[in-house]
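# Structural features, examined
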Amino acid sequence: MPTKKQLTESLETVLVPGIMRSVVKMNLVRDISISDQKVGIELASATLAPPVQEWLKEKIEGVTGKIKGVKEVNVSFTDSTPKDLNQISHIIAVMSGKGGVGKSLVASLAAIALKRQGYEVGILDADITGPSIPKMFGITDRPSGSDTGILPVPSRSGIEVISINLLLPSEDDAVIWRGPLIGKAITQFWEEVLWGKLDYLVVDLPPGTADAPLTVMQTLPVSGVIIVFTPQDLTMMVVRKAVKMAQQMGKPIIGVVENMSHFYVPEIDKKIEIFGKSRGEEMASAANAPLLGQLPIDPELAKLCDEGNVEQYSAEVVDKLGQSLSKSLSIKAK
Ligand code: ADP
C-alpha cells in the first residue's frame, strides 16, 4: 500500500502554473486518503481557474499513479479562500519616517537575504502610492488567478511578489488614492492573494507616519517592524515619530537600518559620510532595538535597481541583515 509520505513527495513535484511552486508549498492539498490501492487527493480550488484545475488533476494522476501499489487515483476540488490557506510564519513590516530614504530597497534586500538562506519568502508591496518593488526585481508579468483570488508573481530567485503596479493597466499610471481605499487594497492583498506556506512575508509600508502605514499595520498581523533612515538631521526627527508609532501600535521593533550611511572610496580606502555623521548607534538606542545594518551609497546598487536586477547585488551587509532577521524571528534553519 502507498504511504502518505510517498504521495506528498510526489505532489511536491507538481508545480502550480504561474507561480512554479508546488501544490504542497501553496498549501492547496487539503486531504490525502488511501484505501487499499485507491488514492484520493483533495485540493483547494482557490485561485485555480477551471483549465488549471483540469491540468493539475491530470498531472497529479500521472505522478501519483506511478507509485508502486497505486491502482486508482481520484483528484477532487473543494472550495476555499486564499485567506484560509495562507500559512505565514512571520510578517516583517518595513517603515520609514519619510519617502526616498531607501525603504523599498531595504525591504527588497531583506527578502533577498532571507531567500538566500533557503527560506520561503514573499514581498507585499503596500507602498500603494509609490510601488517600486516590481521595478527593482524586473517583474512585469501580471498575476494569474480566478474569481476566488490571485497568485503572486515569482521573482527570478523565487521570491513571491504582489504589488499594485502588477495590476494597473500601465506601470506608469499614478495611483491617487485616499486612506480608506488604500486600506481596502491592502486588505485584498492579504485576503485574496494565495501566498501559501511562507516563512517570511516582507511588507513595504507606505512612507511616513500618517494614516496609510497605520492602516496596513492594523490590517496585517505584523510580527515586527524594521525602521529605515538616513543620517540626515531631519530624518532623525521623523524616525523618532516612526518608532513612537510602532510602539503605540504594540509592534516590536526588530531593528533599525541606516541607509546611505557612507560612501566608500576604494582608491584611498576611506568611508566618507556624505550626509553627515552616521547616527546608526544613536537611532538603535532611541528605538531600543539593534542596528541591523548600515548600507553604503553604492552606485552599483543604484544601477542594479534601475535595471531590475536587485537580486544580483551581493554584499556582506546584506548577508548580515538576513542573518540578524532570521535570528531575531527564528525559524529552524534550513
Ligand atoms: P523609498 O522606498 O524610501 O521611497 P527606494 O527604496 O524606492 O526609496 O529608493 C529609491 C532609489 O534610491 C532606489 O531605487 C535606488 O536607486 C536609490 N538608492 C536607495 N538607497 C541607495 C543606496 N544605498 N545606494 C545607491 N542607491 C540607493
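Coordinates for the structure precede this section.
All of the points below concern the structure found in this document. (Residues numbered from 1 in each chain as written. Predicted model: local features only at pLDDT ≥ 70, side-chain atom pairs only at ≥ 80, totals over all residues. Heavy atoms only, no water.)

Here 3 strands make up an open sheet; going across it, the order is β1-β2-β3 and the pairing mixed. Two strands close off the open sheet at either side, each with one partner strand: β1 (29-35) and β3 (72-78). Averaged over neighbouring strand pairs, the angle between their axes works out to 15° when direction is ignored. In terms of strand pairing, β1 meets strand β2 (residues 38-44) through 6 bridges, oriented antiparallel. Bridging from a neighbouring strand, Val29 pairs with Leu43 of β2. Along the sheet face, helix α1 (residues 4-11) touches β1 and β2 and points at about 135° away from the line of β1. (Pairing = 2+ DSSP bridges. Helix = DSSP H or I, 4+ residues; strand = E, 2+ residues; numbered from the N terminus. Axes fitted to C-alpha atoms, helices over the stretch in contact; angles between N-to-C directions. Contact = heavy atoms within 4.5 Å.)

At a minimum axis separation of 9 Å, α1 and helix α2 (residues 50-65) run at an interaxial angle of 130°. Relative to α2, the element α1 is oriented oblique. When the axes of α1 and α2 are compared, the crossing they make is right-handed. Contacts between α1 and α2 involve Leu7, Ser10 and Leu11 from the former and Ile60, Val63 and Thr64 from the latter. (Parallel < 35°, antiparallel > 145°, perpendicular 65-115°, else oblique. Left-handed = near helix turned anticlockwise from the far one by under 90°.)

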